Amino acid sequence: MNVGRAYRFFGEKTAIAMEAYRETNIDLSDSKPTVTFIRRINNLIKCMDSRTSNNALHYNSFEYQAIKDFQQYLENWNNVAREKGYYFLTDSTYYGLQISLKTTIEVFDYLRLKCDYQFLMTSRLNQDNLERFFFNDEKFLRFQRSS
């Protein structure tokens with residue numbers, strides 16, 4: 001999936017457009033749950049991609065609670081889908097997402113409690129930054145030589 005397209009699709013403009021056209025387009029008459037889902041994903045994307053201290057993860061902040069709430073939402077969704085025999089995410093996608101969310105909270109809690117961090121810019125935990133750190137050619141070559 002193209003990340004830029006996902007950001008746009010799950011953006012507030014999509015939710016607003018669906019709400020605006022709900023009254024005039026019969027195909028969107030039952031779109032309220034979809035709008036709620038789009039906003040939930042949009043909040044999660046913002047929480048997991050913070051780049052400044054203003055929107056970073058702070059203890060008990062909106063962002064902190066949104067991540068915890070999404071973990072619970074995802075677990076409930078998984079349980080209901082399995083109970084009713086509905087298609088859900090693949091197991092690897094579900095567990096990967098749960099691990100990412102749980103790890104983000106646990107890393108922040110550790111840094112807050114043990115290192116006195118006040119906030120965490122979650123974009124630092126995304127795959128691109130991890131790939132740059134672990135698979136930087138120079139570091140990777142140094143690691144290979146020392147093994």
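Structure shown above.
Residues numbered from 1 in each chain as written. Predicted model: local features only at pLDDT ≥ 70, side-chain atom pairs only at ≥ 80, totals over all residues. Heavy atoms only, no water.

1. A short note on the packing of aromatic side chains
- Scanning the model with the defined rule gives 10 aromatic pairs in all.
- The interplanar angle of 75° and the centroid separation of 6.1 Å between the aromatic rings of Phe10 and Phe37 together place this pair among those described as edge-to-face. Of the two residues, Phe10 sits in the loop between helix H1 (3-9) and helix H2 (12-22) while Phe37 sits in helix H3 (residues 32-48), which places them 27 residues apart along the sequence.
- With relative accessibility at 23%, the residue Phe37 sits in the partly exposed group.
- Considering the side-chain rings of Phe88 and Tyr94, the 5.6 Å spacing of their centres and the 65° angle between planes classify their relative orientation as edge-to-face. (Phe/Tyr/Trp six-rings, centres within 6.5 Å; stacked < 30°, edge-to-face > 60°. Helix = DSSP H or I, 4+ residues; strand = E, 2+ residues; numbered from the N terminus. Buried < 20%, exposed > 50% of the residue type's maximum accessible area, 1.4 Å probe, protein only.)

2. Points about the nonpolar core
- The biggest cluster of nonpolar side chains holds 23 residues, and the ones touching the most others in it are Leu57, Ile67 and Phe70.
- Broken down by secondary-structure element, the contributors of at least two residues to this core are H2, H3, helix H4 (62-84) and helix H5 (91-115).
- With 6 residues, the top contributor of residues to this core is H4.
- Contact partners of Leu57, with chain neighbours within four places excluded, come to Ser50, Glu63, Tyr64, Ile67, Thr104, Phe108, Gln118, Phe119, Leu120 and Thr122. (Core = buried A, V, L, I, M, F, W, Y, C linked by side-chain atoms within 4.5 Å. Contact = heavy atoms within 4.5 Å.)

3. Comments concerning H5
- An ideal rise of 1.5 Å per residue puts 36 Å on 25 residues; H5 measures up with 34 Å between its terminal C-alpha atoms.
- Of all the residues in H5, the buried ones are Tyr94, Gln98, Leu101, Thr104, Ile105, Phe108, Asp109 and Leu111.
- Next to the buried residues of H5 lie H3, strand E1 (57-58), H4 and strand E2 (119-120).
- Phi for Asp116, located one or two positions after H5, is positive at around 60°. (Expected span 1.5 Å × (residues − 1).)

4. What about the packing of H4 against H5?
- One can describe the packing of H4 onto H5 by two numbers: an axis separation of 10 Å at closest approach and a directional angle of 155°. Between H4 and H5, the angle is such that the two are roughly antiparallel. Note that H4 runs across H5; the crossing there is left-handed. Along the contact surface, H4 presents Tyr64, Ile67, Lys68, Phe70, Gln71, Leu74, Glu75, Asn78 and Arg82, while H5 presents Asp91, Tyr94, Leu97, Gln98, Leu101, Lys102, Thr104, Ile105, Phe108 and Asp109. (Axes fitted to C-alpha atoms, helices over the stretch in contact; angles between N-to-C directions. Parallel < 35°, antiparallel > 145°, perpendicular 65-115°, else oblique. Left-handed = near helix turned anticlockwise from the far one by under 90°.)

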